[in-house]
Amino acid sequence: MRPFRDGNPPLEKGWVLEGEDPAGLPVRLGFGETELARAYLGVVVGRHPALCERVLDDESISRRHFRIGLAEGEPFIEDLNSLNGTWVDSVALLPFQPSPLAPGQTLLCGRIRLTLRPLSDQAMVA
């Protein structure tokens with residue numbers, strides 16, 4: 001990952017889920033709006049690299065844990081019937097029921113806590 005150079009803005013708008021794993025190591029998942037708009041059902045996040053577009057390597061994460069996408073330009077999250085569940089601001093999501101996700105909301109998936117933030121010129125890009 002490299003920082004923006006010379007104060008140039010990001011290449012596109014998007015979202016980032018950032019937080020830390022149970023060992024305290026940083027976790028950062030970036031999603032460009034173009035990618036989210038093109039992914040018909042959203043981008044799948046989980047433990048299994050062959051089944052997911054983004055991987056979280058922790059035993060508390062299901063092979064296919066949750067999906068993040070855009071609906072009418074706004075982010076949503078959907079639990080994919082994960083074993084340990086997906087929580088947004090301490091509220092458990094029902095499996096296969098998309099739920100709106102707003103900037104600053106905290107997500108708990110397995111033992112990993114993440115916060116949704118918009119990509120900005122302070123962010124890092126791949």
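Note: the structure precedes this text.
These lines cover the structure that appears in this document, whether it is placed above or below. It should be emphasised that the depicted structure is a prediction, and the values quoted were computed from it without experimental measurement. (Residues numbered from 1 in each chain as written. Predicted model: local features only at pLDDT ≥ 70, side-chain atom pairs only at ≥ 80, totals over all residues. Heavy atoms only, no water.)

1. Topic: the sheet that holds strand β12 (residues 112-118)
Read across the sheet, 6 strands follow the order β3-β2-β12-β11-β8-β9 without closing on themselves; strand pairing throughout is antiparallel. Of all the strands in the sheet, just β3 (26-32) and β9 (91-92) have a single pairing partner and so form its edges. Where strand β2 (residues 14-20) meets β12, 6 bridges bridge the pair, whose relative direction is antiparallel. Looking across to β12, one finds that Leu 17 is bridged to Leu 116. (Pairing = 2+ DSSP bridges. Helix = DSSP H or I, 4+ residues; strand = E, 2+ residues; numbered from the N terminus.)

2. Regarding the nonpolar core
Leu 17, Phe 31, Leu 56, Phe 66 and Ile 68 are the most contacted members of the largest nonpolar core, which totals 22 residues. Residue assignment for this core shows that the elements contributing at least two residues are β2, β3, β4 (43-46), β6 (66-71), β11 (106-109) and β12. Residues in contact with Phe 66, not counting those within four places in the same chain, are Leu 17, Val 43, Val 44, Val 45, Leu 56, Ile 77, Glu 78, Asp 79, Leu 80, Thr 86, Leu 107 and Cys 109. (Core = buried A, V, L, I, M, F, W, Y, C linked by side-chain atoms within 4.5 Å. Buried < 20%, exposed > 50% of the residue type's maximum accessible area, 1.4 Å probe, protein only. Contact = heavy atoms within 4.5 Å.)

3. What to know about the pattern of salt bridges
Evaluated as defined, the whole model comprises 6 salt bridges. Residue Glu 35 is joined to Arg 54 by a salt bridge in which the shortest nitrogen-to-oxygen separation is 2.7 Å. Of this pair, Glu 35 sits in helix α1 (residues 33-38) while Arg 54 is found in strand β5 (residues 54-55), placing the two residues 19 residues apart along the sequence. A residue is classified by how much of its surface remains accessible, and Glu 35, at 28% relative accessible area, is partly exposed. The salt bridge partner of Glu 78 is Arg 67, with a shortest N-O separation of 3.2 Å. (Salt bridge = Lys/Arg side-chain N within 4 Å of Asp/Glu carboxyl O.)

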